[in-house]
Amino acid sequence: SIYQRGDKIKWTQTTVRYGVILTVADTLLTIAVNNDYVVDNAAITAPYYSHTDTPMGFPSSFNYTPTYTFTAGAAPTGSVSSANAEYSVNGGIVTVRSSKIYGTAGTTVTRCDISLPFTVNSSVDQTVVGGGCFSNGTAPITTYNQITTTTVQMFCGSSTTDRMGFLVSLEI
């Protein structure tokens, strides 16, 4: 195949779309999910691909919508004053950033699982660069973080939590 895992692709379905290839099969390319460019059930025209890290005109990052799951205690609630989640791919390394601030803190939160934009390779090292659970903007109250193939798990030490965020590096 001419395509490889991590390749950048561009195609047209009424408008120009962009993506990053995760897997290559005989007649199927699987791309990383993002909120910015969605594959429609329509003809694909003008396909392009690149093995380079930063093809001209290619987006520097993609937005995605993570799921936040609280495993114990009362989850934070209320209106969300700030939320973002994005990822970028450079040289086969994915950098994922996510943060969310709730209006009302949860109590005795022991763990928050935040979904990643795609399943990551479990046979290579993944790195949590930073992140944690916070209470009213004070210092992090996270005891530790870990990565599964689908989530970043933040262990919050049974505390009052109203905001959480992370920065991770993953190999695709």
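Below: a short report on this structure.

## Digging into the pattern of salt bridges
Phase 1: Under the criterion given, the structure shown has four salt bridges.
Phase 2: A salt bridge links D162 to R163; the nearest nitrogen and oxygen atoms lie 3.1 Å apart.

## Examining the nonpolar core
Phase 1: Y87, V94, V96, L116, F118, M164 and F166 are the most contacted members of the largest nonpolar core, which has 30 residues in total.
Phase 2: At the level of elements, β2 (15–24), β6 (68–70), β7 (77–90), β8 (93–115) and β11 (151–171) are the ones that each hand at least two residues to this core.
Phase 3: For this core, the element with the highest residue contribution is β11, accounting for seven residues.

## Thoughts on the pairing of strand β1 (residues 8–13)
Phase 1: Judged by how many residues are buried, β1 sits mostly within the fold: five of six residues are covered.
Phase 2: Relative to strand β4 (residues 45–50), β1 runs antiparallel, the two being bridged by four bridges. The residue bridging K8 from the neighbouring strand is S50, located in β4.
Phase 3: With six bridges joining them, β1 and β2 adopt antiparallel strand pairing.

## Here we look at the side chain of K8
Phase 1: Looking at the secondary structure, you find K8 in strand β1.
Phase 2: No salt bridge forms around the buried K8; measuring N to O, its nearest opposite-charge neighbour D53 is 4.6 Å away.
Phase 3: Within the structure, K8 has its side chain in polar contact with the backbone oxygen of V89 (distance 3.5 Å).
Phase 4: Not counting the four nearest positions on each side in its chain, K8 is found in contact with G19, V20, Y48, Y49, S50, T52, D53, P55, F58 and V89.

## With respect to the sheet that holds β2
Phase 1: Reading across from one edge, β3-β2-β1-β4 is the order of the four strands in this open sheet, with antiparallel pairing throughout. In the strand order of this sheet, the two ends are held by β3 (29–31) and β4, each with one partner. When strand polarity is set aside, the average angle formed by the axes of neighbouring strands in this sheet is 40 degrees.

## Quick look at the packing of aromatic side chains
Any two aromatic rings considered together are summarised by their centre-to-centre distance and by the angle between their planes.
Phase 1: One pass over the structure, following the stated rule, counts nine aromatic pairs.
Phase 2: With a centroid separation of 5.8 Å and an interplanar angle of 80 degrees, the aromatic rings of F58 and F62 are classed as edge-to-face.
Phase 3: Here F58 falls in the buried class, since its relative accessible area comes to 15%.
Phase 4: Overall, the relative accessible area of 3% leaves F62 in the buried class.
Phase 5: An aromatic cluster of three or more residues is present, and its members are Y18, Y37, F58, F62, Y64, Y87 and F118.
Phase 6: Positioned above the aromatic ring of Y48, the side-chain terminus of K10 is 5.4 Å from the ring centre.

About the criteria used
- Residues numbered from 1 in each chain as written.
- Predicted model: local features only at pLDDT ≥ 70, side-chain atom pairs only at ≥ 80, totals over all residues.
- Heavy atoms only, no water.
- Salt bridge = Lys/Arg side-chain N within 4 Å of Asp/Glu carboxyl O.
- Core = buried A, V, L, I, M, F, W, Y, C linked by side-chain atoms within 4.5 Å.
- Buried < 20%, exposed > 50% of the residue type's maximum accessible area, 1.4 Å probe, protein only.
- Helix = DSSP H or I, 4+ residues; strand = E, 2+ residues; numbered from the N terminus.
- Pairing = 2+ DSSP bridges.
- Lys, Arg positive; Asp, Glu negative; His and termini not counted.
- Polar contact = N/O pair within 3.5 Å; in protein donor to acceptor, adjacent residues only side chain to side chain.
- Contact = heavy atoms within 4.5 Å.
- Axes fitted to C-alpha atoms, helices over the stretch in contact; angles between N-to-C directions.
- Phe/Tyr/Trp six-rings, centres within 6.5 Å; stacked < 30°, edge-to-face > 60°.
- Lys NZ or Arg CZ within 6 Å of the ring centre and 35° of its normal.

What is shown is where atoms sit, not what they do.
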